[in-house]
Amino acid sequence: MIFNKQLTENITLVYGELNNWKYDENDIQYPIMYYLVFKFYGHEYEAYFPHKRLQDGDSEPASLSGNTELFDSFNKKLEDGNFLEEIKQACADIWDNEKDEDD
């Protein structure tokens, strides 16, 4: 799902998708992991966010990769929770879109 949503002057949420999901005992699908792509000062960063961690108010990604020059700075911004609500909303939009496609 393409977002191209400006979070700050230097951070843009570019893209996201559902990365992993499971089915419960009633055969109902639920999300496990989301994949999001950000731009920070023009450099792309790929992050994987566990659904449960986001629901618990933790915006630290399970995995983050990208340009090493600004890596620590960008990771710190994510860990600090500066964009927790925006990340949660993006993931909710991805999940809603995924459910719509399955119907």
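Residue positions are given per chain, counting from 1 as you read along its sequence in written order. Local features in this predicted model are restricted to residues of pLDDT 70 or higher, and side-chain atom pairs are both shown and tallied only at a pLDDT of 80 or more, whereas totals for entire chains, interfaces and linings draw on every residue. Calculated side-chain values reflect all of the structure's heavy atoms, with hydrogen atoms and water omitted.

**Q** I would appreciate a short explanation of the pattern of salt bridges in the present structure.
**A** Where charged atoms of side chains with opposite charge meet at close range, the side chains can pair. The rule for a salt bridge is simple: a side-chain nitrogen of Lys or Arg has to be within 4 Å of a carboxyl oxygen of Asp or Glu. Counted under the stated rule, the structure contains 3 salt bridges. The residue K52 makes a salt bridge to D56 at a minimum N-O spacing of 3.1 Å. You'll find K52 and D56 in the same group, each marked exposed. Residue burial is assigned from relative accessible area. The probe radius is 1.4 Å, only protein chains are included, and a residue is buried under 20% of its type maximum, exposed over 50%, and partly exposed in between.

**Q** Whenever I open this one, the packing of aromatic side chains confuses me. Can you help?
**A** For any two aromatic rings, the description comes down to two numbers: the centre-to-centre distance and the angle of the planes. Aromatic contacts are taken between Phe, Tyr and Trp rings whose centres are within 6.5 Å, Trp giving its six-membered ring; a plane angle under 30 degrees counts as stacked, one over 60 as edge-to-face, and the others as tilted. A full pass over the atoms with the stated rule returns 9 aromatic pairs. Pairing F40 with F74 gives two aromatic rings, centres 5.3 Å apart and planes at 40°, and the pair type is tilted. Residue F40 is found in strand β3 (residues 29-40), and its partner F74 is found in helix α2 (residues 71-79); the two are separated by 34 residues along the sequence. Owing to a relative accessible area of 2%, F40 belongs among the buried residues under this scheme. Taking the relative accessible area as the measure of exposure, F74 reaches 0% and is therefore buried. Feature note: the residues F38, F40, Y41, Y45, F49, F71 and F74 constitute an aromatic cluster, connected by ring pairs. Secondary structure follows DSSP: runs of H or I at least 4 residues long count as helices, runs of E at least 2 residues long count as strands, and numbering of each begins at the N terminus.

**Q** It is not clear to me how the pairing of strand β2 (residues 11-23) should be interpreted in this structure. Could you clarify?
**A** Each regular strand displays side chains that alternate between the two surfaces of the sheet. One ladder, built from 3 bridges, connects strand β1 (residues 2-6) with β2; its direction is antiparallel. Considered in β2, the bridge of Q6 is made with T12. Two strands are said to pair when DSSP picks up at least two bridges between them. Connecting the antiparallel pair β1 and β2 is a turn made up of 4 residues. In terms of strand pairing, β2 meets β3 through 11 bridges, oriented antiparallel. When the bridges of β3 are listed, L13 appears paired with F38. Hairpin connection of β2 to β3: 5 residues between the antiparallel strands, including D27 at a positive phi of 65°.

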